[in-house]
Amino acid sequence: MTESMPLRDDPPQTCEQSLSPLAQEEYVEQAHFFQVLGARLRENMPAQEVLSSIREEILATTKLPMAIDLLLAELRHQGAFTNGMRQLGHYFTPFQTYVMSEAEHDQRRFDMLIALEILSREAKYRAESISRQGLFLYQFEALSRNRLGYDAGLEAMSLDPS
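As a convention, each chain's residues are numbered from 1 in the sequence order in which they are written. In keeping with the model being predicted, local features are shown solely for residues with a pLDDT of at least 70 and side-chain atom pairs are shown and tallied solely at 80 or more, while totals for entire chains, interfaces and linings include all residues. By convention in this description, side-chain values take in all heavy atoms of the structure and omit both hydrogens and water.

A.B. asks: Before we move on, could you go through the confidence of the model for the protein chain and cite the residues and values that matter?
C.D. replies: Each residue carries a pLDDT value, the predictor's own confidence for that position, ranging from 0 to 100. Summary statistics for the protein chain give a mean pLDDT of 85 and a share of 88% for residues scoring 70 or more. Ignoring residues within four places in sequence, the model shows residues 4-18, a span with pLDDT below 50, making four contacts including any to other chains. In this analysis, two residues are considered to be in contact whenever any of their non-hydrogen atoms come within 4.5 Å of each other.

A.B. asks: With reference to specific residues and values, describe the environment of Ile114.
C.D. replies: Tracing the backbone shows Ile114 in helix H7 (residues 112-128). Type-normalised accessible area, obtained with a 1.4 Å probe on protein chains alone, sets the label of each residue: buried when under 20%, exposed when over 50%, and partly exposed for intermediate values. Given the relative accessible area of 38%, Ile114 is considered partly exposed. With 76 residues separating them along the chain, Ile114 and Gly38 place their C-alpha atoms 8.3 Å apart. By definition, any uninterrupted DSSP run of H or I lasting at least four residues is a helix, any uninterrupted run of E lasting at least two residues is a strand, and each is numbered from the N terminus.

A.B. asks: Provide a residue-level description of the packing of aromatic side chains, including the pertinent values.
C.D. replies: Stacked, tilted and edge-to-face pairs are distinguished by plane angle, under 30 degrees for stacked and over 60 for edge-to-face with tilted covering the rest, among Phe, Tyr and Trp rings (Trp via its six-membered ring) whose centres lie within 6.5 Å. Using the criterion set out here, one finds five aromatic pairs in the structure. For the pair Tyr91 and Phe92, a centre-to-centre distance of 5.1 Å together with 85° between the ring planes defines the contact as edge-to-face. Residue Tyr91 shares its accessibility class with Phe92, and that shared class is buried. Measuring from centroid to centroid gives 5.8 Å for Phe136 and Phe140, while their planes differ by 10°, and the two rings are stacked. With Phe136 and Phe140 both in helix H8 (residues 132-145) and four residues apart, this pair spans about one turn of that helix. A network of ring pairs unites the aromatic residues Phe33, Phe34, Tyr91 and Phe92 as a single cluster.

A.B. asks: Quick rundown of H8? Include the residues and the values.
C.D. replies: Taking 1.5 Å as the rise per residue, H8 with 14 residues should run 20 Å; its terminal C-alpha atoms sit 20 Å apart, in good agreement. Looking at H8, one finds that the buried residues are Leu135, Gln139, Ala142 and Leu143. Around the axis of H8, the buried residues are gathered within 100° of arc, so they sit on the same side. Exposed side of H8, more than 90 degrees from the buried face: Gln133, Leu137 and Arg145 are the residues found there. Where H8 is buried, its residues contact helix H6 (94-104), H7 and helix H9 (150-158). Within two residues after H8, Arg147 carries a phi angle of roughly 55°, on the positive side. Helix span, as expected, comes to 1.5 Å for every residue beyond the first. When we speak of the arc, we mean the arc of directions from the helix axis to the C-beta atoms.

A.B. asks: Run through the pattern of salt bridges, naming residues and quoting values.
C.D. replies: We define a salt bridge as a contact between a side-chain nitrogen of Lys or Arg and a carboxyl oxygen of Asp or Glu at a distance within 4 Å. Throughout the structure, instances matching the rule amount to six salt bridges. Note that Asp69 is salt-bridged to Arg55, the shortest N-O span being 2.6 Å. Separated by 14 residues along the polypeptide, Asp69 in helix H4 (residues 64-78) and Arg55 in helix H3 (residues 47-57) bring together distant segments of the chain. For Asp69, a relative accessible area of 35% corresponds to the partly exposed category. With a closest N to O distance of 2.5 Å, Glu141 and Arg145 form a salt bridge. Of the two residues, Glu141 and Arg145 are both situated in helix H8; the distance of four residues between them amounts to about one turn of the helix. For Glu141, a relative accessible area of 37% corresponds to the partly exposed category. Judged by relative accessible area, Arg145 falls into the exposed class, the value being 66%. Salt bridges here are not isolated pairs; linked through shared partners, they connect Glu122, Arg126 and Asp160.

Dropping the structure here:
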């Protein structure tokens, strides 16, 4: 009898690797993106200029520069990030899009800087190691501490591919 040969030479995935829809490098760059965006917005720099400069700092081997291009176009045309994040549903999770939409909502008291901090920390967690339980607890705590809508927030959490 002949032994069956594996069709791919890929190393076996661990539980942590298979939970994240993107590669680890993408989450490292996302964390840097959200962190730098928040820091520069604190310095009262215009968001369009910040996105243009961050795009040049990001690794070209990741897909984030293309995502930033779309976010920048949406920001220029619509005045918001959320529509661009929704269009990039394969890159940004529904929870990330929900948090950003709540920050951009005019009648909410949820600050954009807090939203960027939440997104930065979530991306760092996804880059290091991830468990479904830990991700659920982090996202649920972000919803409850910042008084975001539970219905829409839990729905966004449930749509997370992790």
